[in-house]
Amino acid sequence: MIIPTTLVRIRIDDVTNRTATDTPQGRNHDTEPIPRKIILIAVLAGFSGLLYGYDSGAISGALPLLTEQMGLNASQQGLITSLLLWGALPSIIGATLAARRFDRRHLLIVAAVIFFIGSLACAFAPTPEVLGIARFFLGLGVGIANMFGLIYLSELSPTRIRGLLTGLYQLAVNFGILAAYIVGDAFQASGLWQWILGIGAIPAAVFFVGMLLSPASPRWLITRGRDDDALRVLDSLRGTTEIARLEFDDIKSSLAQQDHGLRGLTTSARRPMIVLLILTFFQVFTGINAVVYYAPIIFAQSGMGDRAGSYANYGVGLALVISTAIALPIIDRLGRVRLLALSMAGQTVTMLVLWLLPDAGWISIAAVFAYTFAFGIGMGPVFWLLVPEVLPLSVRAIGTGVVTFVQYLFNATFAWAFPVALDAIGPLVFLLFALLSAAALWFVLTRIPETSGRSLEEIEAYWRTTGSRSPAPASATEKN
């Protein structure tokens, strides 16, 4: 893959050395107070990730019961499982277009309604055909939640803890997957697959109420000319009126210098879009879904018997939750680039172990855990944090839509190709993942700018002012 020469790594400190008429003035965000209200809103918005994770993982426990009771064949099993993903694709397009008129919060309210109705529709589905339609409908909510949950969290979060609060989304996704495994295991004996699929309506209801009580995105309000409303929201979410006013002025100044719509993706957002699309490829094709897929096979080969699949699901789920939980409090202090680099280095080593020792019992199991942990502490949460961070406000929704759509297409392609590759070349596929992880490590260290400690407007200014200079990389801990 050829990387354009314009993708150069610049010290993001350079954005602070500018005039007030060009870009927002950099300031030290470390001393800005954090109101408790913003933490509560972030937790409520995080339910979008929890619902995405739960509905993705719930089919794992329900499918064996559905197969037994409805007589599903292999084709029907694959279709019902994948329809959630296919349902997300049209909703990504529709929500991206709707974002020009409707606030992020309104779209998340729509997603909550879809999650609630879709969960109940799955639970009461009398036939495989109806269940498939319900899963596709549920996927519409998944696409909206995956896009605008991230954007909403990023745009509401104070700079000092933006990594922590936006990272809550990925933690919620992983927690939702683990919760789905636990619920699925609990209902195996009774055979009540309806509860496994329908219980998602409960967090959907909480999410709906939470979004009704939450404020609109102040950045979206400014794009619609509702400056007074934006100021009121910022004043309620920031520690002081002075901080709210400074952020408001920064947003206005930055927005005035941006190109809008599709044109903006090829002008002001061209370079961050290229970076994000390459990083999207690495997130998918360095093997996380392969490890999740392969884990039950490795566990079965280790002599764990009939419970091998459950142990694998719990192990991988716990590793994702614990690693992401560890990443959240350090993501703003250690920095995005360092966490990504540690993640890619860990993935490289563990994939080499799986290549060399694919059937080595506990060694292979340890490699699966270590790989999952490495992904969960870096590439998992940091990738989705960077997407809304590096895109300019004027194209943030449409750019996130493009990245999310491409990511879903990559995931669908990978889900189809991995079993074929594993059957054709065996453990050599893990060597391929190791080489791609090593390439991703190089890309992260040489092409990804550090965004920790910078406001969204300062990050936007970075892409406008880097030019073709290439000084030493910035440290994650450097301040204004």
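Just above sits the structure.
Now for a description of the structure that goes with this document. (Residues numbered from 1 in each chain as written. Predicted model: local features only at pLDDT ≥ 70, side-chain atom pairs only at ≥ 80, totals over all residues. Heavy atoms only, no water.)

A word on the overall build of the protein chain
A tally of helices and strands in the protein chain yields 21 helices and zero strands. Taking all 480 residues of the protein chain together, 57% fall into the buried category. In the protein chain, once contacts between residues fewer than 6 apart in sequence are set aside, the share between residues at least 24 apart is 84%. In the structure as shown, the protein chain presents an accessible area of about 18300 Å², 68% of it carried by carbon and sulfur atoms. (Helix = DSSP H or I, 4+ residues; strand = E, 2+ residues; numbered from the N terminus. Buried < 20%, exposed > 50% of the residue type's maximum accessible area, 1.4 Å probe, protein only. Contact = heavy atoms within 4.5 Å. Areas by Shrake-Rupley, 256 points an atom, 1.4 Å probe, with all protein chains shown as cover.)

A few points about the pattern of salt bridges
Enumeration according to the criterion identifies 13 salt bridges in this entry. Between glutamate 155 and arginine 396 there is a salt bridge, and its shortest N-O distance comes to 2.9 Å. One end of the pair, glutamate 155, is in helix H5 (residues 128-156); the other, arginine 396, is in helix H19 (residues 396-425), with 241 residues separating them in the sequence. Of the two residues examined, glutamate 155 and arginine 396, each falls in the buried class. (Salt bridge = Lys/Arg side-chain N within 4 Å of Asp/Glu carboxyl O.)

Things to note about the packing of aromatic side chains
Scanning the model with the defined rule gives 13 aromatic pairs in all. The interplanar angle of 65° and the centroid separation of 5.7 Å between the aromatic rings of phenylalanine 285 and phenylalanine 414 together place this pair among those described as edge-to-face. Within this pair, whereas phenylalanine 285 is found in helix H13 (residues 270-285), its partner phenylalanine 414 is found in helix H19, the two being separated by 129 residues in sequence. The burial state of phenylalanine 285 is the same as that of phenylalanine 414; both residues are buried. An aromatic cluster is present here, built from Phe281, Phe282, Phe285, Phe410, Phe414, Phe418, Phe430, Phe433 and Phe443 joined pairwise through their rings. (Phe/Tyr/Trp six-rings, centres within 6.5 Å; stacked < 30°, edge-to-face > 60°.)

Describing the environment of glutamine 69
Relative to the elements of secondary structure, glutamine 69 occurs in helix H2 (residues 47-70). On the accessibility criterion, glutamine 69 (45% relative accessible area) is partly exposed. Along the backbone, glutamine 69 and tryptophan 193 are 124 residues apart, and their C-alpha atoms lie at a distance of 9.6 Å. Not counting chain neighbours up to four residues away, the residues in contact with glutamine 69 comprise Gly191 and Trp193. Here tryptophan 193 takes part through its side chain, which lies 3.0 Å from a polar atom of the side chain of glutamine 69. (Polar contact = N/O pair within 3.5 Å; in protein donor to acceptor, adjacent residues only side chain to side chain.)

Some words on a nonpolar patch on the surface
Where nonpolar side chains cluster on the molecular surface, the patch consists of Val113, Phe116, Ile117, Leu120 and Phe124 and spans about 460 Å² of accessible area. Note on isoleucine 117: relative accessible area 42%, which makes it partly exposed. (Patch = residues over 30% accessible without salt bridge, like charges linked within 9 Å, V, L, I, M, F, W, Y side chains within 5 Å.)

Section: the side chain of threonine 96
Here threonine 96 lies in helix H3 (residues 74-98). The exposure class of threonine 96 is buried, given its relative accessible area of 10%.

Section: the packing of helix H11 (residues 241-255) against helix H21 (residues 456-465)
Contact pair H11 / H21: the axes reach a minimum separation of 9 Å and the direction vectors enclose 30°. Here H11 is positioned roughly parallel relative to H21, judged by the angle of their axes. Crossing hand, H11 versus H21: left-handed. Along the contact surface, H11 presents Asp250, Ile251 and Ser254, while H21 presents Glu457, Glu460 and Arg464. (Axes fitted to C-alpha atoms, helices over the stretch in contact; angles between N-to-C directions. Parallel < 35°, antiparallel > 145°, perpendicular 65-115°, else oblique. Left-handed = near helix turned anticlockwise from the far one by under 90°.)

Points about the packing of helix H16 (residues 336-356) against helix H18 (residues 379-390)
In contact at an axis separation of 9 Å, H16 and H18 are set at 140° when each is read in the N-to-C sense. Crossing of H16 against H18: the hand is left-handed. Only Met379, Val382, Leu385, Leu386 and Glu389 of H18 make contact with H16, whose side of the interface consists of Arg336, Leu339, Leu340, Ser343, Met344 and Gln347. When the residues that make up the contact of H16 with H18 are grouped by side-chain class, the tally is seven nonpolar, two polar and two charged. (Nonpolar A, V, L, I, M, F, W, Y, C, P; charged D, E, K, R; others polar.)

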